[in-house]
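Take a look at the letters that make up each chain.
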Amino acid sequence: MSAAENVIGGLLVDSSAYWRIANLVVEQDFPKSLRPLFAYVRDSLSAGEKVDAITAWEAGHESAVELASTVYSVANIEAYAKLVAEDGERSRVREAGQR
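Right, let's walk through the structure included here.

**Notes on the side chain of Asp29**
Moving on, step 1. Relative to the helices and strands, Asp29 is located in the loop between helix H2 (18-21) and helix H3 (35-46).
Moving on, step 2. Judged by its relative accessible area of 7%, Asp29 falls in the buried class.
Moving on, step 3. Leave out the neighbours within four places in its chain, and Asp29 touches Leu24, Val84, Ala85, Gly88, Glu89 and Arg92.

**Thoughts on helix H6 (residues 77-97)**
Moving on, step 1. A rise of 1.5 Å per residue sets the reference length of H6, with its 21 residues, at 30 Å; its end C-alpha atoms lie 30 Å apart and thus fit the reference within 8%.
Moving on, step 2. Turning to H6, the residues buried within the fold contact helix H1 (3-13) and H2.

**Overview of H1**
Moving on, step 1. Counted residue by residue, H1 has 9 buried out of 11 residues, so it is predominantly covered.
Moving on, step 2. Every buried residue of H1 is accounted for by Ala3, Ala4, Asn6, Val7, Ile8, Gly9, Gly10, Leu11 and Leu12.
Moving on, step 3. Summarising the contacts, the buried residues of H1 are in contact with H2, H3, helix H4 (53-58), helix H5 (64-69) and H6.

Calculation rules
- Residues numbered from 1 in each chain as written.
- Predicted model: local features only at pLDDT ≥ 70, side-chain atom pairs only at ≥ 80, totals over all residues.
- Heavy atoms only, no water.
- Helix = DSSP H or I, 4+ residues; strand = E, 2+ residues; numbered from the N terminus.
- Buried < 20%, exposed > 50% of the residue type's maximum accessible area, 1.4 Å probe, protein only.
- Contact = heavy atoms within 4.5 Å.
- Expected span 1.5 Å × (residues − 1).

Laid out in structure tokens, this is it:
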């Protein structure tokens with residue numbers, strides 16, 4: 001499981017952890033396949049709504065339940081979020097160099 005999957009899964013297990021990583025990662029740091037789910041979590045929590053794997057699944061994010069079922073703790077979510085941010089930065093630099 002990747003760091004990005006751990007972050008998303010962790011947020012679906014314990015959405016309050018979002019506020020611990022909100023200033024560490026942005027949507028573009030995640031792989032394209034996970035960006036819509038991260039945006040859903042971010043936007044829902046910012047609007048004061050509850051978020052978990054079931055609400056995400058009901059909103060059309062079919063991978064939500066599977067991601068949440070593979071994460072048992074959010075204890076290291078900040079460390080994973082930093083890895084996601086670093087990977088995202090590397091990807092953006094690599095893409096810019098290919099232009």
